[in-house]
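Overview (structure and organization)
Residue strings, one per chain:
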Amino acid sequence: MKSVRRLTLLLLLAGTACNDGREEALRAELTRLREERVEKSVAERAQLETREAEGAAQQAREELEAAREGLLQQEAKATALRAAVAAEVERNGRLTAELSASDQSIRAELRRIETLDREISRIRKRATLARTQGETLAREIRAEDPEWATDRRLEALAEFLDALAEESPQDPVLARLAEHSVARVRESSESAATAGAALAKAASERLAFVYGIEPEREDERAGKEEPPG
Amino acid sequence: MRGIAIAPLLLLATLGCSEDPVPGLEEERRQILAETVEKQSFWSEVERKGELLKEVRQLRTEAIEATRKIAEGTPELMALEDALASSREINERAAALLFEARRELGRLEQERTSRETAMASFRERSRSDPLPPAAARFDR
């Protein structure tokens, strides 16, 4: 019996000796490996999901980039629009001011024109009246009239010429006509009436020349010569 | 008799050695190594995926915010476009009025100038010396 026990021990020793402890180490390693490792399929699924997440992240980045770009563009557009509106507001202020200034200038021009028109009208009216008076004197001083009548008309002519010279002191012609001409008419070799009529006509022509008055028309003259009533 | 008893034991011992589990275990080890990967790399993937999904959520939140701002800004943009179109139209009308006013002013300036010229010609001609033909005979 004792020998059997010895033999069993020998067999065990032999069994152990035949793999030299390698089995135990392997079993331990296998245990460790099972704990520390995971099946490839599981890892591959994780990798796939990571790639999908990377794709989703890339897409989200692009979407965010596009949204940010859109926002930037919108902000830039809004800034440009605000600047454009501000420029138009400023332009409107300028236009309004210029319109106001133009309006004032137009009113001022109209006032100047009105003043000038009044002045021109006044001057021409006075000149026309004087020219008509001269024309009338020229017609009324007639050679066939008696001397006393001619004298009276020459006196009227002298007063008329003095008044013209006084009203237009700058006019050398009217001044000369007023100063010397009636006296010369009286000294003239031709008849006083003819010379006086010519002098009155000369004064009338001078006024027509200076103030650009049309010569008195025949119908105007005829109208004036018609007896009243 | 004793030798006969030892023989099967020896045979068993021999058989025990001939059925060594090590190759099987090594094969199993090889298979495990072939069919598995380190858990660390797996967890790295999982962690990376988690980070990415977190980033995706963050990015989408920001994108939604940006889109919301765009939507919020759109009415203002439209209002600005309307204001610009309106102010341009008003200014075009004002510019046309100004153009007309300036043209009218130019016309009035010409009219004033013609009147001033007439006045100047009155003064100039009233200072001129030549006698009218009918008066020449009286200036000798």
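1. Some thoughts on the overall build of chain A
On a plain count of helices and strands, chain A comes out with seven helices and one strand. Along chain A, helices (α) and strands (β) appear in the sequence α-α-β-α-α-α-α-α when read from the amino end. Sorting the 229 residues of chain A into buried and exposed places 34% on the buried side. Within chain A, contacts between residues separated by at least 24 positions form 70% of all contacts whose residues are at least 6 apart in sequence. Carbon and sulfur atoms provide 53% of the accessible area of chain A, an area that totals close to 14000 Å².

2. A word on the overall build of chain B
Secondary structure assignment for chain B yields three helices and one strand. Reading the secondary structure of chain B in the N-to-C direction produces α-α-β-α. With 140 residues in all, chain B has 26% of them scored as buried. Within the structure as shown, chain B displays about 9500 Å² of accessible surface, and the carbon and sulfur contribution to it stands at 59%.

3. Section: the confidence of the model for chain A
The pLDDT averaged across chain A works out to 86; a share of 84% of its residues lies at or above 70. Within chain A, helix H3 (residues 40-140) of chain A carries the highest mean pLDDT (95), whereas helix H1 (residues 2-19) of chain A carries the lowest (56).

4. Topic: the nonpolar core
Within the largest apolar cluster, 35 residues are counted, with the highest numbers of intra-cluster contacts made by Leu157(A), Phe160(A), Leu161(A), Leu164(A), Leu177(A), Leu199(A) and Tyr211(A). Not counting chain neighbours up to four residues away, the residues in contact with Leu164(A) comprise Ala130(A), Leu174(A), Ala203(A) and Leu207(A). Membership of the second largest hydrophobic core comes to nine residues, among which are Ala53(A), Ala56(A), Leu64(A) and Leu52(B).

5. Thoughts on the interface of chain B and chain A
Every contact between the two is made by 85 residues of chain B and, on the other side, 84 residues of chain A. For the pair chain B and chain A, the two sides together bury roughly 7800 Å², of which 67% comes from carbon and sulfur. Counting the contacts that link chain B with chain A gives 15 salt bridges. When the shortest N-O distance is used, the salt bridge between Glu28(B) and Arg34(A) registers 2.0 Å. Elements represented by at least two residues in the side of chain B that touches chain A include exactly helix H1 (2-18), helix H2 (22-35), strand S1 (36-38) and helix H3 (39-127) of chain B. Per element, the largest residue contribution to the side of chain B that touches chain A is 52 residues, and it comes from H3(B).

6. Thoughts on helix H2 (residues 22-36) of chain A
Residue and element names in this part refer to chain A. Here H2 contains 15 residues, and its C-alpha end-to-end distance of 21 Å stays within 8% of the 21 Å for a straight helix at 1.5 Å per residue. Burial in H2 covers these residues: Glu 23, Leu 26, Glu 29, Leu 30 and Leu 33. The buried side chains of H2 occupy one side of the element, clustering within an arc of 125 degrees when seen end-on. More than 90 degrees from the buried face of H2, the exposed residues found are Glu 24 and Glu 35.

7. Notes on the packing of helix H4 (residues 147-167) of chain A against helix H6 (residues 192-210) of chain A
Two packed helices can be described by the angle between their axes and the distance between those axes. Residue and element names in this part refer to chain A. It is the contact of H4 with H6, at a shortest axis distance of 10 Å, that shows an interaxial angle of 25 degrees. As far as their axial angle goes, H6 and H4 are roughly parallel. Between H4 and H6 the crossing geometry is left-handed. Along its contact with H4, which presents Thr 150, Leu 154, Leu 157, Phe 160, Leu 161 and Leu 164, the element H6 presents Ala 192, Ala 193, Gly 196, Leu 199, Ala 200, Ala 203 and Leu 207.

8. Quick look at the packing of aromatic side chains
On inspection of all chains with the given rule, the structure shows two aromatic pairs over all chains. Their ring planes at 65 degrees and their centres at 5.2 Å tell us that Tyr211(A) and Phe122(B) sit as a pair that is edge-to-face. With Tyr211(A) in the loop between H6 and helix H7 (218-225) and Phe122(B) in helix H3, the pair connects residues from two separate chains. Relative accessible area serves as the criterion here: at 3%, Phe122(B) is assigned to the buried category. Pairing Phe42(B) with Trp43(B) gives two aromatic rings, centres 5.0 Å apart and planes at 65 degrees, and the pair type is edge-to-face. With relative accessibility at 13%, the residue Phe42(B) sits in the buried group.

9. Overview of the environment of Thr74(B)
Mapping Thr74(B) onto the fold places it in helix H3. In this structure Thr74(B) comes out as partly exposed when scored by relative accessible area, which is 30%. One polar contact links Thr74(B) to Gln74(A), side chain to side chain, over a distance of 3.3 Å.

10. Some remarks on the environment of Leu30(A)
Mapped onto the elements, Leu30(A) comes out in helix H2. Contact partners of Leu30(A), with chain neighbours within four places excluded, come to Leu25(B), Glu28(B), Arg29(B) and Ile32(B).

11. Quick look at empty space enclosed by the protein
It is a probe the size of a water molecule, rolled over the atoms, that shows where empty space is left. Residues and elements named next belong to chain A. Scanning all chains against the criterion turns up one cavity of 30 Å³ or more. What the largest cavity holds in volume is close to 60 Å³. Every residue lining the largest cavity is listed: Ile 123, Arg 126, Ala 127, Ala 130, Leu 164, Glu 167, Ser 168, Leu 174, Leu 207 and Tyr 211. Of all the secondary structure elements, the ones that give two or more residues to the lining of the largest cavity are H3 and H4. Broken down by class, the residue content of the lining of the largest cavity amounts to seven nonpolar, one polar and two charged.

Criteria and cut-off values
Residues numbered from 1 in each chain as written. Chains lettered and ligands numbered in written order. Predicted model: local features only at pLDDT ≥ 70, side-chain atom pairs only at ≥ 80, totals over all residues. Heavy atoms only, no water. Helix = DSSP H or I, 4+ residues; strand = E, 2+ residues; numbered from the N terminus. Buried < 20%, exposed > 50% of the residue type's maximum accessible area, 1.4 Å probe, protein only. Contact = heavy atoms within 4.5 Å. Areas by Shrake-Rupley, 256 points an atom, 1.4 Å probe, with all protein chains shown as cover. pLDDT = per-residue confidence, 0-100. Core = buried A, V, L, I, M, F, W, Y, C linked by side-chain atoms within 4.5 Å. Buried area = accessible area lost by both parts, 1.4 Å probe. Salt bridge = Lys/Arg side-chain N within 4 Å of Asp/Glu carboxyl O. Expected span 1.5 Å × (residues − 1). Arc of directions from axis to C-beta. Axes fitted to C-alpha atoms, helices over the stretch in contact; angles between N-to-C directions. Parallel < 35°, antiparallel > 145°, perpendicular 65-115°, else oblique. Left-handed = near helix turned anticlockwise from the far one by under 90°. Phe/Tyr/Trp six-rings, centres within 6.5 Å; stacked < 30°, edge-to-face > 60°. Polar contact = N/O pair within 3.5 Å; in protein donor to acceptor, adjacent residues only side chain to side chain. 1 Å grid on protein atoms, 1.4 Å probe; cavity = no way out; pocket = protein on both sides within 12 Å on 5 of 7 lines; lining within 4 Å. Points joined across faces, edges and corners; volume = space filled by probe spheres on them. Nonpolar A, V, L, I, M, F, W, Y, C, P; charged D, E, K, R; others polar.

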